[in-house]
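Close look at the chain arrangement
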Amino acid sequence: MRSDLGFYWGDGPQGLDSTKVEAVACSLCGEPPPPSERAVFTKLRFPYFLCPGCGLVYPSPRPRSEYLDKQYKEGRFASSFTDIYLPSAPYRMATIFSERVEEIIRPRVPGGRLLDIGCSSGHFLKVAHDGGYEVYGIEPNPDMVEFASGELGLPNIRAGVMSDDAYPADYFDVVTLWDVLEHVPDPGSLLVSVKKVLKPGGWVFAYTENLESFNYFITGADSEMFAPDVHIRHYTPATFRREFEKAGLSVSEVMTKGLDIQHIETTVKLNPDRYRREDFTALFEAAESMQNFINACGKGDNLRLFARKAG
């Protein structure tokens with residue numbers, strides 16, 4: 001990430017190359033960013049702001065749209081497909097993706113058409129397909145689309161991004177957005193498109209990282225969640241709910257889950273000038289027993305929201 005973000009450095013404001021970055025307003029409420037001196041923090045020269053209008057946190061300036069798109073097709077995010085996604089696929093299918101299908105979706109929607117936006121390599125859709133759902137997926141990385149279609153044999157996988165005319169109206173029983181909204185330039189428009197393609201009474205299930213997590217409390221700006229060429233906004237439970245309600249969806253549940261202690265360990269390891277590992281020994285040893293407590297406090301790493309289109 002440090003190497004990739006160095007590409008944007010220059011002699012412009014904040015030490016960034018003005019030809020490669022652009023200032024943006026808050027995507028949730030439209031409020032312009034505060035003056036640079038009011039940045040909450042700066043990470044690798046990118047300033048982050050807390051929107052005074054709604055509380056959303058986001059970097060501005062951020063990489064221009066063409067560079068954001070490139071990251072998903074040939075940058076380090078794309079390379080994670082072969083380095084991380086494929087080697088860990090069997091584990092994720094048996095645990096994380098099985099939980100999503102059997103514990104989250106099926107109790108609310110026993111069957112029907114399911115669209116996964118940002119479907120990556122298709123392993124979640126494979127679990128849903130094998131569980132009896134009629135699956136569809138859309139993904140900007142063509143290599144991942146080819147894998148999902150060719151290697152996994154999944155039907156209805158297309159390359160590209162979600163648009164208002166991508167699918168028929170009132171077509172899907174379920175739309176899933178697993179860790180998507182923090183990546184896209186205009187989440188409001190995306191959710192309007194999601195609402196359009198959902199059947200009346202249909203469900204949307206969405207995950208993102210929780211800005212109010214215990215992880216962020218410990219690691220702050222050092223957290224690996226802050227990567228301005230990949231994650232271009234950061235939600236709290238309140239701002240995540242507002243994003244969906246603004247699009248006209250009815251929010252049923254908002255919750256958080258999980259303390260991923262590995263994230264904290266990695267941050268401590270990568271920043272020895274700011275953290276002493278021995279100071280965190282008790283935390284690392286107690287992480288498993290803290291899980292339920294963290295969830296009950298709403299401080300889990302994973303922010304989850306379930307919403308419906310009015311029937």
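Here, residues in each chain are numbered from 1, in the same order as that chain's written sequence. Per-residue local features are limited, in this predicted model, to residues with pLDDT of at least 70; the limit for side-chain atom pairs, both in listing and counting, is 80 or more; totals at the level of whole chains, interfaces and linings are taken over all residues. Calculation of side-chain values draws on the structure's entire complement of heavy atoms; hydrogens and water are dropped beforehand.

Considering the packing of helix α3 (residues 76–105) against helix α5 (residues 142–151)
In contact at an axis separation of 9 Å, α3 and α5 are set at 40 degrees when each is read in the N-to-C sense. Taken together, the axes of α3 and α5 lie oblique to each other. Counted together, A78, F81 and L86 of α3 and D143, M144 and F147 of α5 form the full contact between these two elements. Axis angles are defined between N-to-C directions and span 0 to 180 degrees, where every axis is a line fitted to C-alpha atoms and, for a helix, only to the segment in contact. Secondary structure elements are taken from DSSP: a helix is a run of H or I of four residues or more, a strand is a run of E of two residues or more, and numbering for both begins at the N terminus. Convention used here: angles under 35 degrees read as roughly parallel, angles over 145 as roughly antiparallel, angles from 65 to 115 as roughly perpendicular, and any remaining angle as oblique. By definition in these notes, contact holds between two residues if any of their heavy atoms fall within 4.5 Å.

Remarks on the pattern of salt bridges
We define a salt bridge as a side-chain nitrogen of Lys or Arg found within 4 Å of a carboxyl oxygen belonging to Asp or Glu. One pass over the structure, following the stated rule, counts 21 salt bridges. The salt bridge involving E74 is made with K70; its shortest N-O contact spans 3.9 Å. Separated by four residues within a single helix, E74 and K70 lie in helix α2 (residues 65–74), roughly one turn from each other. Type-normalised accessible area, obtained with a 1.4 Å probe on protein chains alone, sets the label of each residue: buried when under 20%, exposed when over 50%, and partly exposed for intermediate values. Classification of E74 as exposed rests on a relative accessible area of 57%. A relative accessible area of 44% means that K70 is categorised as partly exposed. Overlapping salt bridges bring together D4, R76 and D229 as one network.

Thoughts on the sheet that holds strand β3 (residues 46–50)
Strand order in this open sheet of three strands is β2-β3-β4, and the pairing throughout is antiparallel. The open sheet terminates on both sides in strands that have one partner only, identified here as β2 (41–43) and β4 (57–59). Averaged over all pairs of adjacent strands, the angle between strand axes in this sheet comes to 30 degrees, irrespective of strand direction. Both β3 and β4 contribute to a ladder of three bridges, which runs antiparallel. In the strand pairing of β4, L50 is matched with V57. For two strands to be treated as a pair, DSSP must find no fewer than two bridges joining them.

Considerations on the pairing of strand β7 (residues 134–139)
The buried fraction of β7 is high, at five of six residues. For strand β6 (residues 113–117) and β7, the ladder comprises five bridges, and the chain directions are parallel. If you follow R113 over to β7, its bridge partner there is E134. Once you follow β6 into helix α4 (residues 123–130) and on to β7, the crossover reads as right-handed. Inspection of the sheet shows β7 paired to strand β8 (residues 157–159) by three bridges, in the parallel sense. If you follow I138 over to β8, its bridge partner there is R158. By convention, a crossover is right-handed whenever its connection, traced from the first strand over the helix to the second and viewed with the strands pointing away, goes clockwise.

Looking at the sheet that holds β6
On the basis of which strands lie adjacent, the open sheet formed by seven strands has the order β8-β7-β6-β9-β10-β12-β11 and mixed pairing. Each of the sheet's edge strands pairs with one partner strand only, and the pair in question is β8 and β11 (250–257). The average undirected angle you get between the axes of adjacent strands in this sheet is 15 degrees. By the bridge criterion, six bridges tie strand β9 (residues 172–178) to strand β10 (residues 198–209) in an arrangement that is parallel. Following the sheet pairing, L177 is matched in β10 by A206.

As for helix α6 (residues 187–197)
Every buried residue of α6 is listed here: P187, G188, L190, L191, S193, V194 and V197. Elements that come into contact with the buried residues of α6 comprise β6, β9, β10 and α8 (237–246).

With respect to the side chain of S120
Within the fold, S120 resides in the loop between β6 and α4. S120 gets classed as buried once you look at its relative accessible area, which sits at 13%. Setting aside chain neighbours within four positions, we find S120 in contact with Y85, E139 and M144.

Notes on unusual backbone geometry
Between S60 and the following residue, P61, the backbone shows a cis peptide bond with an omega angle of 0 degrees. Inspection of the secondary structure puts P61 in the loop between β4 and β5 (62–63). Not every positive phi belongs to a glycine, and Q14 is a case in point at roughly 60 degrees. Within the element layout of this structure, Q14 appears in the loop between α1 (2–6) and β1 (21–22). With relative accessibility at 34%, the residue Q14 sits in the partly exposed group.

Let's talk about the packing of aromatic side chains
Any two of the Phe, Tyr and Trp rings considered here, Trp counted by its six-membered ring, make a pair once their centres fall within 6.5 Å; the pair's planes then place it as stacked at under 30 degrees, edge-to-face at over 60, or tilted in between. In this structure the tally under the stated criterion is 23 aromatic pairs. Arranged with centres 5.8 Å apart and planes meeting at 85 degrees, the rings of Y8 and Y67 form a pair that is edge-to-face. On the criterion of sequence distance, the pair formed by Y8 in the loop between α1 and β1 and Y67 in helix α2 is long-range, its members being 59 residues apart. Relative accessible area serves as the criterion here: at 22%, Y67 is assigned to the partly exposed category. Aromatic ring contacts, followed pair by pair, group F7, Y8, F46 and Y67 into a single cluster.

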